[in-house]
Amino acid sequence: MGDVAGCTLSTHSKEVRTVRKTFRTLAVSGALALAVVAGSAPLASAVGEGPGYGDNGQITTSRLTTYDQLVAFLKDQDARQPAMELEVIGKTVKGRDLHLVKYVTDPAKPTILYLTQQHGNEQLTTEGAMQFIKHLGTANSSGILDGVNILIVPMLNADGAMGDVNFPLDDYVAKGDRHLTRYNAEGVDLNRDHVAKIQPETQALHNNVMRKYRIDYMIDLHHQGTRAERDGKLVSGSILYPTTPNADPAVVQKSKQLGSVVFSSVDSTGWGHLGKYEGGSAETISRNGIAVEYGIATLLFEMRGMSDHYLDGYALGQRSNGYLIKQTVITLTSTAAAIADGSIADADTTFWDSLATQNSRDGGEEDE
């Protein structure tokens, strides 16, 4: 456990490269088609420019999947999909089961983990993961599952996502049937607990996922505020590899390759616009700590806007949900396909040298 798997297919054969490119194009095209169907909200004409809170965007939780609805969905898909296995990996502070979705057929194949909702108010990545899971049950995804093992932890912070916490949420801005908060029920930021591992949610992740499976890649999916920009244009999201000096350079390189696949798939859409996230080097953060402790290539993806917050500038109107869910589906599908067909080994990482670090129009953004 901990060594990042290399490509097992020849990268010198022109024919193999052509097959890879065709396969990956089909996979990403399928993701685009799926996302268009899945996203009930219309796409904003300029993804970074709206609609925001206080403009023409309503912030409500009524259209977001609840914990109980998520569990029902996962159990239904588990019954429908022969390749899928559903596992309970632990419980939250309030006693909710935490689930791991598994597509594991051969331990020798490379394995990627997708982690969503460490922060309970960052839910659209979970909505996208649900669409991805549904897609993996169709015939179009069989080629992907032939080449990669996929693990998905949706809604790690289920208590925060349901607003079932031991502190008041009176100052949160969303309307609807519940509030969503960054913190778990004890008011702890789970993405600062990857060294001490005190909280039950973090313990479940490390004890029953990180240490149990041989994982090669991980994407940690988050949301940030609404005002981050790159080159003068508000971003739809931002990405970053491990930046702790203790990370193995080979792990960092593979993390950059993972980011290359995401950037080329999303930023090229014409509506996606990604920046480089300005993140710290603390190993309490999963992007850094997991890369060091397990030797896993990790990538942070910060989608734009949160589902709820106590600061108006961090939450985003629900009419933006469609493109953010679509962006998540593209991210998950493109990376799984690139690992499955081996093309991730050829991913060009030189774009990182010129990718601008995003800045905020109002001078502040929420930490990952």
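Right above here is the structure, for reference.
Each chain has its residues counted from 1, following the order in which its sequence is written. Only residues with pLDDT of at least 70 get local features here, since the model is predicted, and only at 80 or more are side-chain atom pairs given and counted; chain-wide, interface and lining totals rely on the full set of residues. Just so you know, side-chain values use all the structure's heavy atoms and leave hydrogens and water out.

Engineer: Where do I start with the sheet that holds strand E7 (residues 233–234) in this structure?
Structural biologist: Strand pairing in a sheet relies on backbone hydrogen bonds, with the paired strands running either antiparallel or parallel. At least two bridges found by DSSP between two strands is the condition for calling them paired. Per the convention used, a helix needs a DSSP run of H or I reaching at least four residues, while a strand needs a run of E reaching at least two, with both numbered from the N terminus. Ordered in space as E7-E6-E11, the 3 strands form an open sheet in which the pairing is antiparallel. This sheet does not close on itself; its edge strands, each paired only once, are E7 and strand E11 (359–360). Two strands pair when backbone bridges link them, and strand E6 (residues 228–230) and E7 are joined in this way by 2 bridges, in the antiparallel orientation. Each residue of the ladder has a partner; that of Arg 230, found in E7, is Lys 233.

Engineer: How do you make sense of the packing of helix H7 (residues 249–266) against helix H9 (residues 321–341) when you look at a structure like this?
Structural biologist: The axes of two packed helices give the description: the angle between them and the distance between them. Note on method: axes are straight lines fitted to C-alpha atoms, helices fitted across the in-contact stretch only, with angles between N-to-C directions ranging 0 to 180 degrees. Viewed as axis vectors pointing N to C, H7 and H9 meet at an angle of 130°, and their least axial separation amounts to 9 Å. Judged by the angle between their axes, H7 and H9 are oblique. As H7 packs across H9, the resulting crossing turns out to be right-handed. Contact residues: H7 offers Leu 258, Val 261, Val 262, Ser 265 and Val 266, while H9 offers Gln 327, Ile 330, Thr 331, Ser 334, Thr 335, Ala 338 and Ile 339. Three classes are used, and their members are as follows: Ala, Val, Leu, Ile, Met, Phe, Trp, Tyr, Cys and Pro are nonpolar, Asp, Glu, Lys and Arg are charged, and the others, Gly among them, are polar. Here the residues of the contact of H7 with H9 are counted per class, giving 7 nonpolar, 5 polar and no charged. Roughly parallel covers angles under 35 degrees, roughly antiparallel covers those over 145, roughly perpendicular covers 65 to 115, and oblique covers all other angles. Less than a right angle of anticlockwise turn of the near helix away from the far helix marks a crossing as left-handed, whereas a clockwise turn marks it as right-handed. Contacts between residues were defined by any pair of non-hydrogen atoms, one from each residue, lying within 4.5 Å.

Engineer: I keep staring at the nonpolar core and nothing clicks. Help me out?
Structural biologist: Soluble globular proteins tend to pack their nonpolar side chains together in the buried interior. Within this scheme, the nonpolar core is defined by two criteria: the residues are buried Ala, Val, Leu, Ile, Met, Phe, Trp, Tyr or Cys, and they are joined through side-chain atoms within 4.5 Å. We call a residue buried when its accessible area falls under 20% of the maximum for its residue type, exposed when it is over 50%, and partly exposed in between, using a 1.4 Å probe and counting protein chains only. In terms of nonpolar packing, the biggest core is built from 63 residues, with Ile 112, Tyr 114, Ile 150 and Ile 219 touching the most fellow members. The greatest single-element share of this core, amounting to 10 residues, is contributed by H9. The residues contacting Ile 112, other than those within four sequence positions of it, are Val 148, Asn 149, Ile 150, Leu 151, Tyr 217, Met 218, Ile 219, Leu 258, Thr 335 and Ile 339. Of all hydrophobic cores here, the second largest spans 19 residues; its members include Leu 98, Leu 190, Ala 204 and Ile 290.

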